[in-house]
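What follows is the residue order along each chain.
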Amino acid sequence: MQLSADEAQEQITNPKNQQKNESFEQKFIQSNKAISNWFYSLAEGIDLFLVGKQLQSERNQTNVKIEYSTYSGEGKEASNQTVLVINPRFPNLEKYWNLKFTTYDEQEDERGAENNLLRQTPHETNYGATIGLFRRFGGIRTAFQPRIELQNPLKVSHSLSFETIADFQTFKVNPKLNFFANATSGTGVFQSINFNFNLTNIFSLTLINEGTYEEKLHKYSVTNGFSIGQFISNTNAMAYSLLFFSHNRDNYHLDAYTLTATWYHLFYKRILDIQLTPHLNYLHSNNFKGQAGLTVQLTLSF
């Protein structure tokens, strides 16, 4: 049965319907806070049990994320994936390290724009726990993160990174160097030097220059390009990117380039957000014929 215009307007403006919507929203936020507080209390209890007394007065930063993603591309079947990230913090036990449980190798996502900025394929399922040891040497942030992969047999990977940000007033430079080792690609090194310019109060420009060498595959992959960020409001933003991907197998050549436009929307601060990224890929293996695709990511945080 279809509603008339007057009946539809009545449903929208009816205080009872508005009260139901507000009630659902309030219950959703309150439930999220209750679950978050349960995680905080659990982590704080473990922290105090291990140490025996309160040494830090700062708020516990324990957080949990559930990410649901859909990946689709022209000529391919759509795939869905749900990943879980548990990041318990124990500030009294040790100020400079943290423990994290994930259903995928999160360290790999930190290496390369194709992983953290333009991911178009599901994460490889890889349950594991990471211990992060962090120190600052002047303006350089260092991190050593061994990860135990919960497989049969158990596997261990390592990551040692150095990163800093140099502010030159009109622009910023972000160099990063990361040494890694795992059972799949052996040892390797990732390096990047990205430049960020605040063009106006609305637009920013990031120049991306990255390279990754994988010793086991004797492969050196390079990413160059740029990303333009657009501030729309406190809950909405856009990013427009053009990236070029090259590697040295069998000889150094352009392997692909990608055009993307990402829309980010924040429903509730530190609770729920969504990203939609339509993209157009031009692959060397497909004679650089354009292939359209879409990536959707919904993140629920506690």
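Residues numbered from 1 in each chain as written. Predicted model: local features only at pLDDT ≥ 70, side-chain atom pairs only at ≥ 80, totals over all residues. Heavy atoms only, no water.

What follows covers the overall build of the protein chain. In terms of regular secondary structure, the protein chain is built from 4 helices and 16 strands. Within the protein chain, buried positions represent 34% of all 302 residues. A sequence separation of at least 24 residues applies to 40% of the contacts in the protein chain between residues at least 6 apart. When the accessible surface of the protein chain is summed, it comes to about 18,600 Å², and 57% of that surface belongs to carbon and sulfur atoms. (Helix = DSSP H or I, 4+ residues; strand = E, 2+ residues; numbered from the N terminus. Buried < 20%, exposed > 50% of the residue type's maximum accessible area, 1.4 Å probe, protein only. Contact = heavy atoms within 4.5 Å. Areas by Shrake-Rupley, 256 points an atom, 1.4 Å probe, with all protein chains shown as cover.)

Our focus in this paragraph is the pattern of salt bridges. Scanning the model with the defined rule gives 1 salt bridge in all. Among the salt bridges present, the one from Glu67 reaches Lys65, with a minimum N-O distance of 3.4 Å. Residue class for Glu67 comes out buried when judged on its relative accessible area of 7%. (Salt bridge = Lys/Arg side-chain N within 4 Å of Asp/Glu carboxyl O.)

So, about unusual backbone geometry. Residues Arg249 and Asp250 are joined by a peptide bond in cis, for which omega reads -5 degrees. In this structure, Arg270 takes a positive phi of about 60 degrees despite not being glycine. Tracing the backbone shows Arg270 in the loop between strand 14 (253-268) and strand 15 (272-283). Exposure remark for Arg270: the relative accessible area of 67% places this residue in the exposed category. Not every positive phi belongs to a glycine, and Phe288 is a case in point at roughly 55 degrees.

A separate point is the packing of aromatic side chains. Overall, the coordinates contain 5 aromatic pairs when judged by the stated rule. Site record: aromatic cluster; members linked through ring pairs are Phe244, Tyr257, Tyr282 and Phe288. (Phe/Tyr/Trp six-rings, centres within 6.5 Å; stacked < 30°, edge-to-face > 60°.)

This part covers the side chain of Ser241. Structurally, Ser241 is set in strand 13 (residues 236-247). Separated by 3.0 Å, the side chains of Ser241 and Ser227 make a polar contact. (Polar contact = N/O pair within 3.5 Å; in protein donor to acceptor, adjacent residues only side chain to side chain.)

Moving on, we get to a nonpolar patch on the surface. A surface patch of nonpolar side chains, about 730 Å² in accessible area, is lined by Ile131, Leu133, Phe137, Ile140, Phe144, Leu160, Phe162, Leu177 and Phe179. Elements that contribute at least two residues to the nonpolar patch include exactly strand 4 (128-137), strand 5 (140-144), strand 7 (155-163) and strand 9 (171-182). Among the elements that take part in the nonpolar patch, strand 4 stands out by supplying 3 residues, more than any other. Following the sequence through the fold, Phe162 ends up in strand 7. Taking relative accessible area as the criterion, Phe162 reaches 31% and is therefore assigned partly exposed. (Patch = residues over 30% accessible without salt bridge, like charges linked within 9 Å, V, L, I, M, F, W, Y side chains within 5 Å.)

As for its position among the elements, Asn194 is in strand 10 (residues 186-198). According to the relative accessible area criterion, Asn194 is buried, its value standing at 14%. Only 3.0 Å separates the side chain of Asn194 from the backbone nitrogen of Asn209, close enough to count as a polar contact. Apart from the residues lying within four places of it in its own chain, the contact partners of Asn194 are Lys172, Val173, Asn174, Thr206, Leu207, Ile208, Asn209 and Glu210.

We now examine the confidence of the model for the protein chain. Of all residues in the protein chain, 78% have pLDDT values of 70 or greater, and the mean over the chain is 81. Between residues 1-13, whose pLDDT stays under 50, and residues either more than four places distant or in other chains, the model counts 6 contacts. (pLDDT = per-residue confidence, 0-100.)

Pairing of strand 4 with strand 5, which is carried by 5 bridges, proceeds in the antiparallel orientation. Paired with Arg135 across the two strands is Thr142, which belongs to strand 5. Pairing between strand 5 and strand 7: 4 bridges, direction antiparallel. Following the sheet pairing, Thr142 is matched in strand 7 by Phe162. (Pairing = 2+ DSSP bridges.)

What follows concerns the environment of Phe101. If you trace the backbone, Phe101 turns up in strand 3 (residues 97-102). Its relative accessible area of 35% is what places Phe101 among the partly exposed residues. Between the C-alpha atoms of Phe101 and Val64, which are 37 residues apart in sequence, the distance is 9.5 Å. Excluding anything up to four places from it in sequence, Phe101 contacts Leu84, Val85, Ile86, Pro88, Gly128 and Ala129.

Across 3 bridges, strand 4 lies against strand 6 (residues 147-149) in antiparallel orientation. Looking at the pairing, Thr130 lines up with Arg147 of strand 6.

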